[in-house]
Amino acid sequence: MDKSQNRKKIIKRILIGIAIALVLAYIVFLFVTTNFLGSNNISTEITYRATAEDIVKSTGLVVRDEEYVTSGASGVLVYEVSDGDKVTGGGTIATVYDNEQDVTSLQRIKEIDEKLEYLSSLSGASNTVNVGIDTIDSQLNDKLIYLEKQINSRAFDNIGAAEEDLMTSIYRKQVITGQQGNFADKIAELEAERTSLQSSTGTPAGIIKSESSGYFVSSVDGYEKSVDVSKLDRMTYSDFENIKPDDSEKPGCIGKMIKGVNWYLICPVTVDEAANISRNSESITVRMPYAMNENIPAKVLSVNPSADGENTIVVLQCNYMNSNISHVRKEPVEIVVSSYEGLKISKKALHDDVVERTVTDDNGNETTETETVQGVYVEYGNELVFKQVDITFSGDDYIICNETPADGVLFNGSTVTLYDKVVTEGGDLFNGKLIQ
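Position numbers for residues count from 1 along each chain, tracking the sequence in the order it is written. In keeping with the predicted nature of the model, local features appear solely for residues at pLDDT of at least 70, side-chain atom pairs appear and are counted solely at 80 or more, and the whole-chain, interface and lining totals rest on all residues. Here the side-chain values reflect all heavy atoms present in the structure, with hydrogen atoms and water set aside.

A. The arrangement of the overall build of the protein chain in detail. Helix and strand definitions here come from DSSP, where helices need a minimum of 4 consecutive H or I residues and strands a minimum of 2 consecutive E residues; each element is numbered from the N-terminal end. Each helix and strand in the protein chain was counted, giving 8 helices and 19 strands. Here's how the labels work: a residue is buried when its accessible area is under 20% of the maximum for its type, exposed when over 50%, partly exposed in between, all with a 1.4 Å probe on protein chains only. Counting every position in the protein chain, which comprises 436 residues, the buried fraction comes to 35%. In the protein chain, 77% of the contacts between residues at least 6 apart in sequence involve partners at least 24 apart. The criterion used for residue contact is that any of the two residues' heavy atoms lie within 4.5 Å.

B. Layout of a nonpolar patch on the surface. Residues form patches when they are more than 30% accessible in relative terms and have no salt bridge. Like charges link within 9 Å. Nonpolar side chains (Val, Leu, Ile, Met, Phe, Trp, Tyr) link within 5 Å. Methods summary: accessible areas were calculated by the Shrake-Rupley approach with a probe of 1.4 Å, and residue burial reflects only the protein chains presented. We count a salt bridge whenever a side-chain nitrogen from Lys or Arg sits within 4 Å of a carboxyl oxygen from Asp or Glu. Together, Ile10, Ile11, Ile14, Leu15, Ile18 and Leu22 make up a nonpolar patch on the protein surface, roughly 590 Å² of accessible area in all. If you trace the backbone, isoleucine 18 turns up in helix α1 (residues 2-37). Look at isoleucine 18 and you get partly exposed, because its relative accessible area is 44%.

C. Up close: the nonpolar core. Residues Trp263, Leu265, Ile277, Ile284, Met288, Leu316 and Ile335 are the most contacted members of the largest nonpolar core, which totals 27 residues. Where this core is concerned, the elements lending two or more residues are β2 (48-70), β7 (214-217), β8 (253-270), α7 (271-279), β12 (311-318) and β13 (330-346). With 5 residues, β8 is the largest single contributor of residues to this core. Setting aside residues up to four positions removed in sequence, isoleucine 284 forms contacts with Ile277, Pro297, Ala298, Val300, Leu316, Ile335, Val336 and Val337. Residue types Ala, Val, Leu, Ile, Met, Phe, Trp, Tyr and Cys, when buried and joined through side-chain atoms within 4.5 Å, form a set referred to as a nonpolar core. Val63, Met235, Ile243 and Val315 belong to the second largest nonpolar core, which has 13 residues in total.

D. Structural view of the environment of glycine 252. Summarising the element assignment, glycine 252 is placed in the loop between α6 (237-241) and β8. When its relative accessible area of 35% is taken as the criterion, glycine 252 is described as partly exposed. The sequence separation of glycine 252 and serine 71 amounts to 181 residues, and the corresponding C-alpha distance is 5.1 Å. Ignoring sequence-local partners within four residues, the contact set of glycine 252 consists of Val69, Thr70 and Ser71.

E. View of the pattern of salt bridges. Counted according to the given criterion, the structure contains 19 salt bridges. For the salt bridge of arginine 194 with aspartate 113, the shortest nitrogen-to-oxygen distance reads 2.4 Å. One end of the pair, arginine 194, is in helix α5 (residues 184-200); the other, aspartate 113, is in helix α2 (residues 100-123), with 81 residues separating them in the sequence. Residue aspartate 113 is classed as partly exposed on the basis of its relative accessible area of 31%. For aspartate 221, the salt bridge goes to arginine 329, with nearest N and O atoms at 2.8 Å. Placement of aspartate 221 in the loop between β7 and α6 and of arginine 329 in the loop between α8 (323-327) and β13 is noted, with a sequence separation of 108 residues between them. The exposure class of aspartate 221 is partly exposed, given its relative accessible area of 31%. The class of arginine 329 is buried, set by a relative accessible area of 8%.

F. Just the pairing of β2, in detail. In this sheet, β13 lies alongside β2 in antiparallel orientation, the contact comprising 14 bridges. In the sheet register, tyrosine 48 faces β13, and the bridge partner there is lysine 344. Looking at chain direction, β2 and β8 are connected through 10 bridges and run antiparallel. Within the sheet, the bridge partner assigned to arginine 64 lies in β8 and is tryptophan 263. Strands qualify as paired when DSSP identifies two bridges or more between them.

G. Expanded view of the environment of aspartate 239. Relative to the helices and strands, aspartate 239 resides in helix α6. Spatially, the C-alpha atom of aspartate 239 lies 9.8 Å from that of serine 306, the residues being 67 residues apart in sequence. Throughout this description, a polar contact denotes any pair of N or O atoms lying within 3.5 Å of each other; where both atoms belong to protein, one of them has to be capable of donating a hydrogen while the other can accept it, and for residues adjacent in sequence the pair is counted only when both atoms sit in side chains. Of the polar contacts made by the side chain of aspartate 239, one reaches the side chain of threonine 236; its length is 3.1 Å.

H. Focus on α7. Of all the positions in α7, only Ala274, Asn276 and Ile277 are classed as buried. Looking straight down α7, one finds its buried side chains confined to an arc of 160°; they lie on one side. For α7, exposure combined with an orientation more than 90 degrees from the buried face picks out Asp272 and Arg279. Tucked inside the fold, the buried residues of α7 contact β2, β8, β11 (299-305), β12 and β13. Here the arc refers to the directions that run from the helix axis out to each C-beta atom.

Next up, the structure:
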């Protein structure tokens, strides 16, 4: 019995020892994997270049130095210039004809002239030499891609021309490859029609000329004289609220002339937004996303707060003009106060950690300095490396970091670079941590 009991005690001790050893081994395993080998339970993102903008949104009122264009001529009016076109003093704005038939004939003659010019250019393609099919196909592909880009970017002003350019290239290829003959018969037919129309079209009954130079617009909206542009630098919020259009009838008015190159945008904003605009007044651009797809450079003319200090009027001066802008009056506006380009990183990746640097004094003695800075952990091989960041813009869930910070901004000169794998999620992160 004694031997049997001793044997049981020995076995029990051995089992207890094995259990303790297993527990200790597991604890060591957890310690090593957590603090040295890391974990696969981390998420990373690749840094890439991006642009962020600081934008103030408002509804702006466009003001210009405008005068009405009037005429006492009777008959059918035909405009000789398009909206937004520059007209010199004494230049022809419109022509007056006695009847609609003359106008219809004149418009048809213009269409024929455009078609004749187009067909002549296509016919000339048959004389093209030393142009390979591969070159033609490459040009067609480029023009197709360009048209697609204009459609995707909603550049409506360019789509028509891009489409016509593509079709012209298609016709030219057909002519060169013999799939399409020349257009001599069609050209002769159009020329005969043109001659017939010219013989039956009457002479103009009158011509309307511009009294001054400027940009012509064929429509009016009543705001032409609502604001004195010479007093815009003194406009208050109360003045802005009282701006009303003139709805009275304007006999003989056929349009208006926008005088000078400058036009103005009056925007109500908050006090904080006005301060932001004032701080960055040298780099202001304006967008009107529902009217055009362009960035318009602007200059801050004045910033005038209301009497109660709750609202502010910002007056911006612009000098870029086209047909779309010539029609805009009240429009949602995006004032791009500043633009930031750099590396885009999720805010989840930001941490504080200690970095160090070695400093050498005048006697050649080296010392190590440390400082706690804000930065990110970057996966570098099987190790995490902490890098300080220089934040230039902070959005709701991301930041923009400077790729090349100025001297002295970084404590030890090390920061994130393009295509770094930045850790966005993970536990117990620290500089030098080994990961699987």
